Amino acid sequence: MGFISLAIFLASLSLFVGGYFLSSAFYYKKHDVKYSFKRMFPYEFNYPNSFKRNIYGNIALVLSMLGVIVFYIYKMSNINSNSITIYVLVALSIITAALIGCLLFMPLQFLRTHIIVSTLAMTLSFAMPALNALLGYEAFRIHEVDTAKVLSVISMVVGAILAVVMIIFLFNPKATYKIYLDKSVDKDGNEVMARPKFIPIAFNEWWAIITYMLSPLPLVILSFVS
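Quick look at the structure, then.

Reading guide: rules and limits
Residues numbered from 1 in each chain as written. Predicted model: local features only at pLDDT ≥ 70, side-chain atom pairs only at ≥ 80, totals over all residues. Heavy atoms only, no water. Helix = DSSP H or I, 4+ residues; strand = E, 2+ residues; numbered from the N terminus. Contact = heavy atoms within 4.5 Å. Areas by Shrake-Rupley, 256 points an atom, 1.4 Å probe, with all protein chains shown as cover. Axes fitted to C-alpha atoms, helices over the stretch in contact; angles between N-to-C directions. Left-handed = near helix turned anticlockwise from the far one by under 90°. Nonpolar A, V, L, I, M, F, W, Y, C, P; charged D, E, K, R; others polar. Salt bridge = Lys/Arg side-chain N within 4 Å of Asp/Glu carboxyl O. Expected span 1.5 Å × (residues − 1). Buried < 20%, exposed > 50% of the residue type's maximum accessible area, 1.4 Å probe, protein only. 1 Å grid on protein atoms, 1.4 Å probe; cavity = no way out; pocket = protein on both sides within 12 Å on 5 of 7 lines; lining within 4 Å. Points joined across faces, edges and corners; volume = space filled by probe spheres on them.

## Things to note about the overall build of the protein
Helices and strands together make up the secondary structure of the protein, namely seven helices and two strands. Starting at the N terminus, the α and β elements of the protein follow one another as α-α-α-α-α-β-β-α-α. Residue pairs in contact within the protein that sit at least 24 positions apart in sequence constitute 73% of those at least 6 positions apart. Of the roughly 11,900 Å² of accessible surface on the protein, 69% is carried by carbon and sulfur atoms.

This is the structure:
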């Protein structure tokens, strides 16, 4: 069971990394500007073009999120726990995937809706590793073998770290949609306005997606607990 869980996790993570770099390459080809998740929003991979213009990158990203859902569904039928937590995680994985899909395809012109979706995605991305940490704690209480206890603690710590980092970014007071351009001077001495090198809310949206993709990791560790 452990190796199947690991395989599903690695497959979804590989699809995500592949989708990100394919989309980045498409973005560079389209704009002649290097894409950076520290200063660009997820939806910019596709804006203002449609899904099919970045077809391979989008398909890989969508499949990666489906992989996370498959992982939790698989764990629901195999995890050694009577807790309803795993069922909640399945539901959250589906809802969060839908929200991330909106972040990837909803431009800022729908600002109010985008803010709501972004906030919900970040909140649920915090909740998922937090619940996985709870499953790690439950496993720690149940098992008496030293190796199982160690793996349970590692699982719990990994989930807690992912959750804490996400909550710190979520409550960052600088992470707002009030984005101010930086002033600079070009080679001719003219003052120009440029996009900031770091946009906290854009980074937060990407971190929520990354946290979602990494959220199965604590359960992957737990799957090797006999």
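Anyway, onward from the coordinates.
## Here's the deal with the packing of helix α3 (residues 85-105) against helix α6 (residues 200-214)
The contact between α3 and α6 brings their axes to 11 Å, and the two run at 145 degrees. Relative to α6, the crossing made by α3 is left-handed. Contacts between α3 and α6 pair Ser 93, Thr 96, Ala 97, Ile 100, Leu 103 and Leu 104 from the former with Glu 205, Trp 206, Ile 209 and Tyr 212 from the latter. Residues that form the contact of α3 with α6 fall into these classes: seven nonpolar, two polar and one charged.

## Let's talk about the pattern of salt bridges
Under the definition given, this model contains one salt bridge. In this structure, Glu 44 engages Arg 195 in a salt bridge whose closest nitrogen and oxygen atoms are separated by 2.8 Å. In this pair, Glu 44 sits in the loop between α1 (2-31) and α2 (55-78) while Arg 195 sits in the loop between β2 (191-194) and α6, placing the two residues 151 residues apart along the sequence.

## Remarks on α1
Its 30 residues give α1 an end-to-end C-alpha distance of 43 Å, which sits within 8% of 44 Å, the value for a rise of 1.5 Å per residue. For α1, the complete set of buried residues consists of Gly 2, Ser 5, Ile 8, Phe 9, Ser 12, Phe 16, Gly 19, Tyr 20, Ser 23, Ser 24, Phe 26 and Tyr 27. Along its buried surface, α1 packs onto α2, α6 and α7 (217-222). Asp 32 occupies a position one or two residues after α1 and carries a positive phi of about 60 degrees.

## Thoughts on the layout of surface pockets
If you add up the space inside the largest pocket, you get close to 250 Å³. In this structure, the largest pocket is lined by 14 residues; those nearest its centre are Tyr 20, Phe 21, Ser 24, Tyr 35 and Phe 37. Mapped onto the lining of the largest pocket, the elements with two or more residues apiece are α1 and α6. For the lining of the largest pocket, the element with the highest residue contribution is α1, accounting for seven residues. For the lining of the largest pocket, the per-class residue count stands at 11 nonpolar, two polar and one charged. Size it by volume and the second largest pocket reaches roughly 160 Å³. Along the walls of the second largest pocket sit Ile 115, Ser 118, Thr 119, Met 122, Leu 170, Ala 175, Thr 176, Tyr 177, Ile 201 and Asn 204, which together make up its complete lining.

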